[in-house]
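# Structural description and commentary
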Amino acid sequence: MTSFLKTAAMTALVAAAPLLAAGQAAAEGERYVLVSHAPDSDSWWNTIRNALALAGEQMGVEVEYRNPPTGDIADMARIIEQATASGPDGIITTLADFDVLSGPIRAAVDSGVDVIIMNSGTPEQAAEVGALMYVGQPEYDAGLAAGQRAARDGVTSFLCVNHVISNPVVAERCQGFADGLGVDLGDSMIDSGTDPSEIQNRVLAYLNANPDTGAILTLGPTSADPTILALESNGMAGDIYFGTFDLGDNIVEAIRDGVIEWGIDQQPFLQAYLPVVVLTNYHRYGVLPGNNINSGPGFITADGLELVEEFAGEFR
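Attention here is on the structure that accompanies the text. Given the structure is predicted, the values throughout are model-derived calculations rather than measurements.

### Structural notes on the overall build of the protein
Along the protein, the regular secondary structure elements total 12 helices and 12 strands. Across its three principal axes, the protein shows a C-alpha extent of roughly 85 × 45 × 30 Å. By the burial criterion, 48% of the 316 residues in the protein qualify as buried. Counted over contacts in the protein with a minimum sequence separation of 6, partners at least 24 positions apart contribute 71%. Roughly 13900 Å² of accessible area belongs to the protein as shown, and the carbon and sulfur atoms make up 50% of that amount. The positive charge centre, built from 13 side chains, and the negative charge centre, built from 42, are 8 Å apart in the protein.

### Considerations on the sheet that holds strand S11 (residues 293-294)
Reading across from one edge, S2-S1-S3-S4-S5-S11 is the order of the 6 strands in this open sheet, with parallel pairing throughout. Where the open sheet ends on each side, the last strands, each with one partner, are strand S2 (62-66) and S11. Where strand S1 (residues 31-35) and strand S3 (residues 90-93) come together, 4 bridges link them in parallel fashion. Directly across from leucine 34, in S3, lies its bridge partner isoleucine 92. Together, S1, S2 and strand S4 (114-118) form the strand contacts of helix H2 (residues 46-59), whose direction differs from that of S2 by roughly 165 degrees. Running over the sheet, helix H4 (residues 98-110) touches S3 and S4 and is turned about 145 degrees from S4.

### Focus: the pattern of salt bridges
Taken as a whole and judged by the stated rule, the model has 10 salt bridges. A salt bridge links arginine 31 to glutamate 64; the shortest N-O distance between them is 2.9 Å. Within this pair, whereas arginine 31 is found in strand S1, its partner glutamate 64 is found in strand S2, the two being separated by 33 residues in sequence. A residue is classified by how much of its surface remains accessible, and arginine 31, at 12% relative accessible area, is buried. In this structure, arginine 256 engages glutamate 309 in a salt bridge whose closest nitrogen and oxygen atoms are separated by 2.4 Å. Residue arginine 256 is located in helix H10 (residues 249-257), and its partner glutamate 309 is located in helix H12 (residues 306-311); the two are separated by 53 residues in the primary sequence. Look at arginine 256 and you get partly exposed, because its relative accessible area is 46%.

### Some details on the sheet that holds strand S7 (residues 189-191)
On the basis of which strands lie adjacent, the open sheet formed by 6 strands has the order S7-S6-S8-S9-S10-S12 and mixed pairing. Of all strands in the sheet, those with a lone pairing partner are S7 and strand S12 (298-300), marking the two edges. Pairwise comparison of adjacent strand axes, ignoring direction, gives a mean angle of 20 degrees for this sheet.

### Looking at the side chain of asparagine 67
Tracing the backbone shows asparagine 67 in the loop between S2 and helix H3 (73-85). Among the polar contacts made by the side chain of asparagine 67, one reaches the main-chain carbonyl oxygen of alanine 38 at a distance of 2.7 Å. A distance of 2.9 Å separates a polar atom in the side chain of asparagine 67 from a polar atom in the side chain of aspartate 40. Beyond its immediate stretch of four places on either side in the chain, asparagine 67 contacts Ser36, Ala38, Pro39, Asp40, Arg49 and Ile79.

### Some thoughts on the environment of leucine 34
Mapped onto the fold, leucine 34 is located in strand S1. Look at leucine 34 and you get buried, because its relative accessible area is 0%. In the structure, leucine 34 is positioned 157 residues away from aspartate 191 in sequence and 28 Å away in space, judged by C-alpha atoms. If sequence neighbours within four positions are ignored, leucine 34 has contacts with Ile48, Leu52, Glu64, Tyr65, Arg66, Ile92, Met118 and Ala272.

Quick notes on the rules
- Residues numbered from 1 in each chain as written.
- Predicted model: local features only at pLDDT ≥ 70, side-chain atom pairs only at ≥ 80, totals over all residues.
- Heavy atoms only, no water.
- Helix = DSSP H or I, 4+ residues; strand = E, 2+ residues; numbered from the N terminus.
- Buried < 20%, exposed > 50% of the residue type's maximum accessible area, 1.4 Å probe, protein only.
- Contact = heavy atoms within 4.5 Å.
- Areas by Shrake-Rupley, 256 points an atom, 1.4 Å probe, with all protein chains shown as cover.
- Lys, Arg positive; Asp, Glu negative; His and termini not counted.
- Charge placed at Lys NZ, Arg CZ, Asp CG, Glu CD.
- Pairing = 2+ DSSP bridges.
- Axes fitted to C-alpha atoms, helices over the stretch in contact; angles between N-to-C directions.
- Salt bridge = Lys/Arg side-chain N within 4 Å of Asp/Glu carboxyl O.
- Polar contact = N/O pair within 3.5 Å; in protein donor to acceptor, adjacent residues only side chain to side chain.

Right, here's the structure in full:
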């Protein structure tokens, strides 16, 4: 073998070494379980599922998605306990109700399972239960930014349609919006439930009783989609200031058509994708980000819909 070929061969072996190490780590069979509070009916979580699957494929690890079919938090607590008992390398979970879920999460940590909190909860709560970090959107801050934006646009009153009243963290979106406007939340937040027909009826009833309402804030596709229908039915679509959290096919279409002013994108893709990447690299190489990760908020308007429309409901 010539000197040149020997050098080339040695270079190839050195270049391949990191890939070999990664392959060996993957062969150890890391397994991560993501537990959410979402019911099966909530299509917004499809992006979470897609991101989880993609992260598992790219990192060469096994991933599972588990959730309570009806969204029952007590059922979710049992699912976390079951996931812990199955002996995964890590659990990625929402913290939708601290009182109910903190015990099972602490038990997982105490058993030696690494945990990352995503989507729901706060960085402070994540630290309290012993999680490695929090990946998500600071809900109050997102609502505050939305309220300040609406205030600059002249809004002074609003209706907040809350379809997840059982999750106190999500209500912070409404409170932040009120504070951004500089008004009391008061009776502006309604418990709409999750049934589309009931949401539509409750929005219509509120607007009939409060005809001077200046804006509507919805907290995701579950409440936004029926609200769009409500405004179409009473002739207010495009005439009342309408902002929403999160994205979805109908929300994107409504932004394009001028019915919704903006959508707040918390980037759920990152909320599922990044924890898998972080946990995998932590277990393989002992590296861990020094801070929590804010996945949002980002405002999506009609001016920036091209990529959002292409990937809405899949990765956006």
